[in-house]
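An overview of the molecular structure
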Amino acid sequence: MTTTFKTTLITAALCALAGTAAAQTVLKIGYATSKESHYGVGSTVFCDEMEKGTQGRYKCQQFPASALGGEREQIEAVQLGTQDLTNTSTGPLGNFVPETRIVDIPFLFRDYAHARHTMDGPIGQDLLKKLQGKGLIGLAWTENGFRHMTNSKRAIMTASDASGLKLRTMENKVHMEGYKTFGLLPTPMPFPELFTALQQGTVDGQENPIPVILASKFSQVQKHLSLTGHVYSPAVILLSPAVWAKLSEADKKVFVEAAQKGGAAQRKKVNDDENTGIAQLKKDGMQVIEKVDGESFRKAVAPAYANFAKEFGADKIAAIQAVK
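**Observations regarding the pairing of strand E1 (residues 25-30)**
If a strand is regular, its side chains alternate between the two faces of the sheet. In this structure, E1 lies alongside strand E2 (residues 58-63), joined through six bridges in parallel fashion. The residue of E2 that forms the bridge with Lys28 is Gln61. With helix H2 (residues 38-53) bridging E1 and its parallel neighbour E2, the resulting β-α-β unit is right-handed.

**Some points on helix H7 (residues 173-180)**
The set of residues buried in H7 consists of Val174, His175, Met176, Gly178 and Tyr179. For H7, the side-chain oxygen to backbone nitrogen distance between the N-cap and Val174 is 3.0 Å, and the N-cap itself is Asn172.

**A short note on the pattern of salt bridges**
Taken as a whole, this structure holds 14 salt bridges when the rule is applied. We note a salt bridge from Glu249 to Lys252, for which the minimum N-O separation is 3.5 Å. With Glu249 and Lys252 both in helix H11 (residues 249-283) and three residues apart, this pair spans about one turn of that helix. Judged by relative accessible area, which is 17%, Lys252 ranks as buried. Members of the salt-bridge network, linked through shared partners, are Glu49, Lys52 and Lys261.

**Overview of the nonpolar core**
Counting residues in each nonpolar core, the largest one holds 45 residues, and the members touching the most others are Ile105, Phe109, Leu136 and Phe182. In terms of nonpolar packing, the next biggest core, distinct from the first, is built from 19 residues, Ile29, Phe46, Met50 and Leu85 among them.

**Points about the packing of aromatic side chains**
Applying the stated criterion across every chain, the model contains 11 aromatic pairs. Seen in terms of ring centroids, Tyr112 and Tyr232 are 6.1 Å apart; in terms of plane orientation they differ by 85 degrees. Their pairing is edge-to-face. With Tyr112 in helix H4 (residues 112-120) and Tyr232 in strand E8 (residues 224-239), this residue pair connects regions lying 120 residues apart in the sequence. This pair shows no difference in class: Tyr112 is buried, exactly as Tyr232 is. Pairing Phe191 with Phe218 gives two aromatic rings, centres 6.2 Å apart and planes at 65 degrees, and the pair type is edge-to-face. Of this pair, Phe191 sits in the loop between strand E6 (185-188) and helix H8 (194-200) while Phe218 sits in the loop between helix H9 (210-215) and E8; the two residues are 27 residues apart in sequence, bridging distant segments of the chain. Phe218 shares its class with Phe191; the two are buried.

**Things to note about the side chain of Ser226**
One can find Ser226 in strand E8. For Ser226, the contacting residues outside a window of four places in its chain are His148, Met149, Ile156, Ile289 and Val292.

What counts and what doesn't
Each chain carries its own residue numbering, running from 1 in the direction its sequence is written. Note on the predicted model: pLDDT of at least 70 is required for a residue's local features to be given, and 80 or more for side-chain atom pairs to be given and counted; whole-chain, interface and lining totals, by contrast, use all residues. Processing note: side-chain calculations cover all non-hydrogen atoms of the structure and skip hydrogens and water entirely. Note on pairing: DSSP must find at least two bridges between two strands before they are called paired. Elements are defined by DSSP. Helices are runs of H or I of four residues or more, strands are runs of E of two residues or more, and each kind is numbered from the N terminus. By convention a crossover is right-handed if, when the strands point away from the viewer, the path from the first strand over the helix to the second runs clockwise. To sort residues, take the accessible area from a 1.4 Å probe on protein chains only and compare it with the maximum for the residue type: under 20% means buried, over 50% means exposed, and anything in between is partly exposed. For this analysis, a polar contact is any N or O atom pair within 3.5 Å, provided that within protein one partner can donate a hydrogen and the other can accept it, and provided that sequence-adjacent residues contribute only side-chain to side-chain pairs. What makes a salt bridge here is a side-chain nitrogen of Lys or Arg within 4 Å of a carboxyl oxygen of Asp or Glu, nothing more. We call a set of buried Ala, Val, Leu, Ile, Met, Phe, Trp, Tyr and Cys residues a nonpolar core when their side-chain atoms join them within 4.5 Å. A pair of aromatic rings is counted whenever rings of Phe, Tyr or Trp (Trp by its six-membered ring) have centres within 6.5 Å, and the orientation is called stacked for planes under 30 degrees apart, edge-to-face for over 60 and tilted otherwise. Contacts are assigned to residue pairs with any non-hydrogen atoms lying within 4.5 Å of each other.

Here is the structure:
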């Protein structure tokens, strides 16, 4: 083999490598909790499947633990195109797409099967389509889980036990309106500020699904956990329209299917955390009320349903309740 021929081969190989590097697009995806959390699990599966499906032309750089800001800030960044992706709860999404607030109504969903069938069915898919009109691409529903209350003051068994507690909530008017019927004092606050606020007593408590309570180590700053299950919290993988517009039809299909697989993995992690997490939180020192008087909470929130019916339509609420 001549020196000239060797040089030609090396040059060709380097050009091929350079071409591969140039063709690879790294997308930034952010979420609120740790990489070990349900959000991290779902995002990792999405990223792996997306990279595999595009033969490495697209890959992810993950930013867990609110490294890119709170959920509202990340949704806005995706909308503006300054962030590529976020895996976020729907809590703050209603500030951008008001129609999604319907899923935040307290005690709307009976259980996980009901919630997941709704989000995967025509109602959930119609909500995903509405995101496009607001400058967001919803690839697939993931999951946060049923929300429960924690606080540092007292055990909550009935709605009246919650009265007077200053509870951190998301910036979500449906949540806040519902929680006021329990006598709570809703205090909107970005998630990254929450642990310190609980530690310093700025708020008495917060409400989140078991996976978030675990991942955020709230047992270190909260004594009481009540399994109220008052709101089902979906989540969604959002993509910037600027990225979506550059994808081929084949790649768009890859992204959607990867997000659906990520959603399935995220739901499984929610299931696993719910099955083992309560025992872990007890071990960590939390006093857990497992049998809450759910009827007292449903009775308390009933008057708010009149306003929810005006905002969303009684027929739409009934359609969700009717899903089997």
